[in-house]
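# Results of the structural survey
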Amino acid sequence: MEYQNPHPAPGAHAEPGSALTAGTGRTVISETAVAKVAGIAARAVPGVYSLGTGPSRALGAIRDAVGSSDHAAGVHAEVGETQVAVDINLVAVYGTPLHSLADQVRAAVYTAVEELVGLQVIEVNVEINDVYVAGPAKPGLPVEARTEREAIQ
């Protein structure tokens, strides 16, 4: 979708009843860009283990293994001219109150998308489709390696 920037460019001047005389143009913000901003904001919330459903997380683990990442995994954005709606699928860390987590993710996404993208967020739907439960510690592995390995399994 296309988004028309309502704010004039720096240096653009408009006279009453006339169009902008300099610095006009259009801005197009893709759904992928909005989804990435929302995904990064959601991942930053404590208690979010990962984003996406089972198959998308498995694909993400493969991407991580080859040094690539998809910040928009588990996030779908519908972009209109001035508004956006976001759907997020996530896995919560066991012990995190789920309703509170959903509220925190929603607030983080609203803030990030409105500030960084400049679109009005009309809704953020959060679906918690799994809960991550840490297994017993495996001897000899650093904490970071255990978490990544257990997430793949």
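Remember, predicted model here, so these are calculated numbers, not experimental data. (Residues numbered from 1 in each chain as written. Predicted model: local features only at pLDDT ≥ 70, side-chain atom pairs only at ≥ 80, totals over all residues. Heavy atoms only, no water.)

Our focus in this paragraph is the overall build of the chain. Summing up its helical and strand segments, the chain has four helices and four strands in all. Secondary structure of the chain in N-to-C order comes out as α-β-α-β-β-α-β-α. Residue burial in the chain is summarised as follows: out of 153 residues, 29% are buried. Counting only contacts in the chain whose residues sit at least 6 apart along the sequence, the fraction spanning at least 24 positions is 68%. Just so you have it, the chain exposes about 9,300 Å², and 56% of that area is on carbon and sulfur atoms. (Helix = DSSP H or I, 4+ residues; strand = E, 2+ residues; numbered from the N terminus. Buried < 20%, exposed > 50% of the residue type's maximum accessible area, 1.4 Å probe, protein only. Contact = heavy atoms within 4.5 Å. Areas by Shrake-Rupley, 256 points an atom, 1.4 Å probe, with all protein chains shown as cover.)

Turning to the pairing of strand E4 (residues 120-132), a few remarks are in order. Where strand E3 (residues 83-93) meets E4, eleven bridges bridge the pair, whose relative direction is parallel. Following the sheet pairing, valine 91 is matched in E4 by aspartate 130. Note that the unit made of E3, helix H3 (residues 98-117) and E4 has a crossover that is right-handed. (Pairing = 2+ DSSP bridges. Right-handed = clockwise from strand over helix to strand, strands pointing away.)

Its 20 residues place the ends of H3 27 Å apart at the C-alpha level, agreeing with the 28 Å of an ideal helix rising 1.5 Å per residue. Along H3, the residues classified as buried are Leu101, Ala102, Val105, Val109, Ala112, Val113 and Val117. The buried residues of H3 occupy one face: seen down the axis, they fall within an arc of 105 degrees. Opposite the buried face of H3, at more than 90 degrees from it, the exposed residues are His99 and Glu115. Lining the buried residues of H3 we find helix H1 (31-43), strand E1 (48-51), E3 and E4. Looking at the residues trailing H3, positive phi occurs at glycine 118, about 85 degrees. (Expected span 1.5 Å × (residues − 1). Arc of directions from axis to C-beta.)

Two numbers describe how H1 lies on H3: the axes approach to 8 Å, and their chain directions differ by 135 degrees. One element, H1, and the other, H3, form an angle in the oblique class. For H1 against H3, the interelement crossing comes out right-handed. For the pair formed by H1 and H3, the contact residues are Val34, Val37, Ala38, Ala41 and Ala42 on the first element and Val105, Ala108, Val109, Ala112, Val113, Leu116 and Val117 on the second. Residues that form the contact of H1 with H3 fall into these classes: twelve nonpolar, no polar and no charged. (Axes fitted to C-alpha atoms, helices over the stretch in contact; angles between N-to-C directions. Parallel < 35°, antiparallel > 145°, perpendicular 65-115°, else oblique. Left-handed = near helix turned anticlockwise from the far one by under 90°. Nonpolar A, V, L, I, M, F, W, Y, C, P; charged D, E, K, R; others polar.)

Residues of the chain with pLDDT of at least 70 account for 65%, and the chain-wide mean is 78. By mean pLDDT, the top-scoring element of the chain is H3 (97), and the lowest-scoring one is helix H2 (residues 54-65) (49). Within the model, pLDDT remains below 50 along residues 12-21, and this stretch shows six contacts once partners closer than five positions in the same chain are excluded. The model gives residues 56-64 a pLDDT under 50, and that stretch makes twelve contacts with residues more than four places away or in other chains. (pLDDT = per-residue confidence, 0-100.)

Quick look at the environment of alanine 77 now. The residue alanine 77 is located in strand E2 (residues 75-79) in this model. Separated by 46 residues in sequence, alanine 77 and glutamate 31 place their C-alpha atoms 5.5 Å apart. Residues within four places of alanine 77 in sequence aside, it is in contact with Glu31, Val34, Ala35, Val84, Ala85 and Val86.

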